[in-house]
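Fold and geometry: a report
These are the residues of each chain, in order.
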Amino acid sequence: MASIYSIFLLLSFSFFTASTDKIEKITIEQLQAKTIRLENDTLYIVNFWATWCGPCIAELPYFEQAAKTHANKKIKILLINLDFISEEAKVLAFVKKKNLQNAVYQLNAADPNKWINQIDADWDGAIPVTVFYKAGKKILFHEGDITQTELDEKIKLHSI
């Protein structure tokens, strides 16, 4: 039994390190396909953040904790990094240092003026921003930082 457990740990570690050798790039259209266009009962929580944003960094552990707390629910958390695409190595190092377990993507959309309104017409471009999607629709747009309590309350309200 111990050897099976050891093999499982080894495979898990290999998958984890292989999956963190690069940050997957995502366009707005691909993001929408992973969230907005999915008409299912999963709650998609999309957080826009950057390594240079203090409030963003402060709230990342809340999303990690939320994933653990609500692991038995149909919830998927996507962390969308807004650093320049050319800074992939910096973002990857940050993700590894913080041991982020949620799905992390780097947004591949150069001009924010062309895509911000696709997320929310009222978004002024400030981050952090968190958006909830369910059944193919945006159900919540939260601009600014969020506390662990607020995040958990919003998850409980919308994951029913």
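Heads up: these notes are all about the structure in this document.

**Topic: the pattern of salt bridges**
Applying the stated criterion across every chain yields a total of five salt bridges. Asp-83 is the salt-bridge partner of Lys-90, the closest N and O atoms lying 3.6 Å from each other. For Lys-90, a relative accessible area of 39% puts it in the partly exposed group. With relative accessibility at 3%, the residue Asp-83 sits in the buried group. A salt bridge links Lys-90 to Glu-87, with the shortest nitrogen-to-oxygen separation between them at 3.8 Å.

**Quick notes on the pairing of strand β6 (residues 137–143)**
Consecutive residues of a regular strand have side chains that alternate between opposite faces of the sheet. Pairing between strand β5 (residues 129–134) and β6: six bridges, direction antiparallel. Along β6, the bridge assignment pairs Val-129 with Glu-143. What sits between the antiparallel neighbours β5 and β6 is a turn of two residues, in which Ala-135 has the positive phi angle 55°.

**Points about the sheet that holds strand β1 (residues 24–26)**
Pairing in this open sheet of six strands is mixed, and the strands run β1-β4-β3-β2-β5-β6 from one edge to the other. Edge positions in the open sheet fall to β1 and β6, since each of these has one partner strand only. When strand polarity is set aside, the average angle formed by the axes of neighbouring strands in this sheet is 30°. Pairing of strand β3 (residues 75–81) with strand β4 (residues 103–107), which is carried by four bridges, proceeds in the parallel orientation. Residue pairing in the sheet places Ile-80 in a bridge with Tyr-105 of β4. Against the sheet, helix α3 (residues 54–69) contacts β2 (43–49), β3 and β5, and its axis sits at roughly 160° relative to β2. Where helix α4 (residues 88–98) meets the sheet, its contacts fall on β1, β2, β3 and β4, and the angle it forms with β4 comes to roughly 160°.

**Considering helix α5 (residues 112–119)**
Within α5, burial applies to Trp-115, Ile-116 and Ile-119. In an axial view of α5, the angular spread of the buried residues amounts to 115°, which keeps them on one side of the axis. Turned more than 90 degrees away from the buried face of α5 sit Asn-113, Lys-114 and Asn-117, all of them exposed. Buried residues in α5 make contact with α2 (28–34), β2, β4, β5 and β6. Its side-chain oxygen placed 3.0 Å from the backbone nitrogen of Asn-113, Asp-111 serves as the N-cap of α5.

**Focus on the packing of aromatic side chains**
Per the stated rule, a full pass over the model turns up five aromatic pairs. Taking the centre distance of 5.2 Å and the plane angle of 50° together, the rings of Phe-48 and Trp-123 count as tilted. One end of the pair, Phe-48, is in strand β2; the other, Trp-123, is in the loop between α5 and β5, with 75 residues separating them in the sequence. Here Phe-48 matches Trp-123 in class, with each residue buried. Taken together, Phe-48, Trp-115, Trp-123 and Phe-141 form an aromatic cluster joined through their ring pairs.

Rules behind the numbers
Residues numbered from 1 in each chain as written. Predicted model: local features only at pLDDT ≥ 70, side-chain atom pairs only at ≥ 80, totals over all residues. Heavy atoms only, no water. Salt bridge = Lys/Arg side-chain N within 4 Å of Asp/Glu carboxyl O. Buried < 20%, exposed > 50% of the residue type's maximum accessible area, 1.4 Å probe, protein only. Pairing = 2+ DSSP bridges. Helix = DSSP H or I, 4+ residues; strand = E, 2+ residues; numbered from the N terminus. Axes fitted to C-alpha atoms, helices over the stretch in contact; angles between N-to-C directions. Contact = heavy atoms within 4.5 Å. Arc of directions from axis to C-beta. Polar contact = N/O pair within 3.5 Å; in protein donor to acceptor, adjacent residues only side chain to side chain. Phe/Tyr/Trp six-rings, centres within 6.5 Å; stacked < 30°, edge-to-face > 60°.

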